[in-house]
Amino acid sequence: MTGPAAPPAAGLPDGILIGNAPVSYGVYGDAAGGPGAAPGALLASMAEAGYQGSELGPPGFFGTPEQTAALFTEHRLAAVGAYIPVHYALGDDVVEHDLARMELTCRELAACAEAAGVGADQAPLAILADEGSETLLHHPARPWDDRSLALDEAGWERLARLSERAVAMARSYGLRPSFHPHISTFIESPWEVERLLALTEVGLTLDIAHIQLAGGDPVQCLRAWRERINHVHVKDVRTAVLADAKATGRTDFDEWWAQVCVPFGDGDVDIDAFLADLLRGGYRGWLLVEQDRAPTPAADYPQVAAEQAANRAWLAAKVAAHS
């Protein structure tokens, strides 16, 4: 078997795959979805919604590497990759803890790849991301000309050095490294992404909602970074939620963030224009659907699956229209 664990989706051009992520079910961070989460039921829900694959949750969410691979095989879903946060700007002990967790994630992804028999060009993605700081959580979408909270030169050098180490680890497990710019981190605004790309050789995960919330234009960023992009996150967001959080000085990031993401077509991101340019440029790979939400008990998975099935159908129709 040389392709993804799930069969190709009808109506999509060759090489375009649509996946989802546990964060759409409220699974993120150390809490990993809360006490009501059910990993097997979550994957079953995604499969029923028509997805071909999923990213992993936090390390260990689906069990041991062997159990993780077995679950993805059971539900005929490809393991797309995993979001791997690293506190690049914090102390060495914190970074070592993050990299140890990264190694467990790499083992999980490698086990899934081996079980599915995927080739190197379709290997899962190790999606690195800066984890920011407590201060940045309280200052999302910083003005581009105010760099008082940005990394200094020593910070950039350290990030580049640690990024090389993380990229080497990912490659040692046969994974494809990528980097995910994210709101409220040190790689948030387009100028910070440009600096990252100049200092490293890592691929880029373009999350169109995070870029728009940081003040960028997803289409312009796609055109500027096209050669480095090896993964795409598709989500829709209401920018007014971010604007209100900033205006009122909210510090409960997880609370207001769960209100930002909305079903496709209900937010402010011009997904249609982005997809047109993406496909015209020859992109082939995963379109990873995310609709971040608060931790969700397994009893509510059918409701989430219905919403995610609608997202998938909406996205597939747009892809077909531009193919």
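Here the structure is a predicted model, which is why all the values come from computation and not from measurement. (Residues numbered from 1 in each chain as written. Predicted model: local features only at pLDDT ≥ 70, side-chain atom pairs only at ≥ 80, totals over all residues. Heavy atoms only, no water.)

(A) Highlighting the overall build of the protein chain. A tally of regular secondary structure across the protein chain gives twelve helices and eleven strands. Since a compact globule built from 323 residues should have a radius of gyration of about 20 Å, the 18 Å found for the protein chain is in line with a globular shape. Summarising its shape, the C-alpha atoms of the protein chain cover approximately 50 × 40 × 40 Å along the three principal directions. The buried share among the 323 residues of the protein chain stands at 54%. For the protein chain, the proportion of contacts with a sequence separation of at least 24, taken over those separated by at least 6, is 84%. Of the roughly 13000 Å² of accessible surface on the protein chain, a fraction of 52% belongs to carbon and sulfur atoms. Seen as two clouds, the 23 positive and the 44 negative side-chain charges of the protein chain have centres 5 Å apart. (Helix = DSSP H or I, 4+ residues; strand = E, 2+ residues; numbered from the N terminus. Rg over C-alpha atoms; globule rule 2.2 N^0.38 Å. Buried < 20%, exposed > 50% of the residue type's maximum accessible area, 1.4 Å probe, protein only. Contact = heavy atoms within 4.5 Å. Areas by Shrake-Rupley, 256 points an atom, 1.4 Å probe, with all protein chains shown as cover. Lys, Arg positive; Asp, Glu negative; His and termini not counted. Charge placed at Lys NZ, Arg CZ, Asp CG, Glu CD.)

(B) Spotlight on the sheet that holds strand β8 (residues 229-234). An order of β3-β2-β1-β11-β8-β7-β6-β5-β4 is seen for the nine strands of this open sheet, with the pairing classed as parallel. Whereas interior strands pair on both sides, the edge strands pair on one side only; in this sheet they are β3 (78-79) and β4 (81-86). When strand β6 (residues 176-179) meets strand β7 (residues 203-207), the two strands line up parallel, connected through two bridges. What sits directly across from Ser-178, in β7, is Gly-203. Its contacts with the sheet place helix α8 (residues 218-225) against β7 and β8, and it is angled at close to 170° to β7. (Pairing = 2+ DSSP bridges. Axes fitted to C-alpha atoms, helices over the stretch in contact; angles between N-to-C directions.)

(C) Summary view of the packing of helix α5 (residues 153-172) against helix α6 (residues 190-199). It is at 10 Å that the axes of α5 and α6 come closest, and there the two elements cross at 55°. For the element pair α5 / α6, the angle class is oblique. The handedness of the crossing between α5 and α6 is right-handed. In this structure, α5 contributes Glu-153, Trp-156, Leu-159 and Ala-160 to the contact, and α6 contributes Trp-191, Glu-192, Arg-195, Leu-196 and Leu-199. (Parallel < 35°, antiparallel > 145°, perpendicular 65-115°, else oblique. Left-handed = near helix turned anticlockwise from the far one by under 90°.)

(D) Representation of the nonpolar core within the structure. If you look at the biggest cluster of nonpolar residues, it comprises 91 residues, and the most contacted ones within it are Met-102, Trp-225, Leu-287 and Leu-315. If near-sequence neighbours (up to four positions away) are discounted, Leu-315 is found in contact with Ile-18, Val-234, Phe-264, Leu-275, Leu-287 and Val-289. Within the second largest apolar cluster, nine residues are counted, among which are Ala-21, Val-23, Val-80 and Leu-125. (Core = buried A, V, L, I, M, F, W, Y, C linked by side-chain atoms within 4.5 Å.)

(E) Representation of the environment of Val-167 within the structure. Within the secondary structure, Val-167 sits in helix α5. By relative accessible area, which is 8% here, Val-167 ends up buried. Once residues lying within four places of it in the same chain are set aside, the contact partners of Val-167 are Leu-128, Pro-177 and Val-202.

(F) Main features of the state of the cysteines. Tallied over the full model, the rule gives zero disulfides. Of all cysteine sulfurs, the one in Cys-106 lies closest to Cys-112, which takes part in no disulfide; the gap is 12 Å. Free cysteine Cys-221: the closest other cysteine sulfur is in Cys-261, separated by 18 Å. With relative accessibility at 6%, the residue Cys-221 sits in the buried group. (Disulfide = S-S within 2.5 Å.)

(G) Representation of the packing of aromatic side chains in the model. Going through the model one piece at a time under the given rule, you end up with nine aromatic pairs. Judged by centre distance (6.0 Å) and plane angle (35°), the ring pair of Tyr-88 and Phe-179 falls under tilted. Separated by 91 residues along the polypeptide, Tyr-88 in the loop between β4 and α3 (92-116) and Phe-179 in strand β6 bring together distant segments of the chain. The exposure classification of Tyr-88 matches that of Phe-179, with both residues buried. Note on Trp-256 and Trp-257: the rings are 6.0 Å apart at their centroids and 70° apart in plane angle, and the pair reads as edge-to-face. (Phe/Tyr/Trp six-rings, centres within 6.5 Å; stacked < 30°, edge-to-face > 60°.)

(H) Seen up close, α3. Look at α3: 36 Å from first C-alpha to last across 25 residues, which is about the 36 Å you get at 1.5 Å a residue. Within the span of α3, buried status applies to Val-95, Asp-98, Leu-99, Met-102, Thr-105, Cys-106, Glu-108, Leu-109, Ala-111, Cys-112, Ala-113 and Ala-116. Against the buried residues of α3 lie α2 (65-74), β3, β4, β5 (125-130) and α5. In the stretch just after α3, Gly-117 is the one whose phi turns positive, near 70°. (Expected span 1.5 Å × (residues − 1).)

(I) How the structure looks around the pattern of salt bridges. Inspection of every chain in the model, using the stated rule, returns twelve salt bridges. Among the ionic pairs, Arg-165 bridges to Glu-96, the shortest N-O distance being 2.8 Å. Pair noted here: Arg-165 is in helix α5 and Glu-96 is in helix α3, with a separation of 69 residues, a long-range link. By relative accessible area, which is 38% here, Glu-96 ends up partly exposed. Here Arg-293 makes a salt bridge to Glu-307, at a shortest N to O gap of 2.7 Å. Of this pair, Arg-293 sits in the loop between β11 (285-289) and α12 (301-321) while Glu-307 sits in helix α12, and the two are 14 residues apart along the sequence. (Salt bridge = Lys/Arg side-chain N within 4 Å of Asp/Glu carboxyl O.)

(J) Layout of the side chain of Asp-98. Looking at where Asp-98 falls in the secondary structure, it is placed in helix α3. As a buried residue without a salt bridge, Asp-98 has its nearest oppositely charged side chain in Arg-101, at a separation of 5.4 Å. The contact partners of Asp-98, leaving out residues within four places of it in the chain, are Pro-85, Val-86 and His-87.

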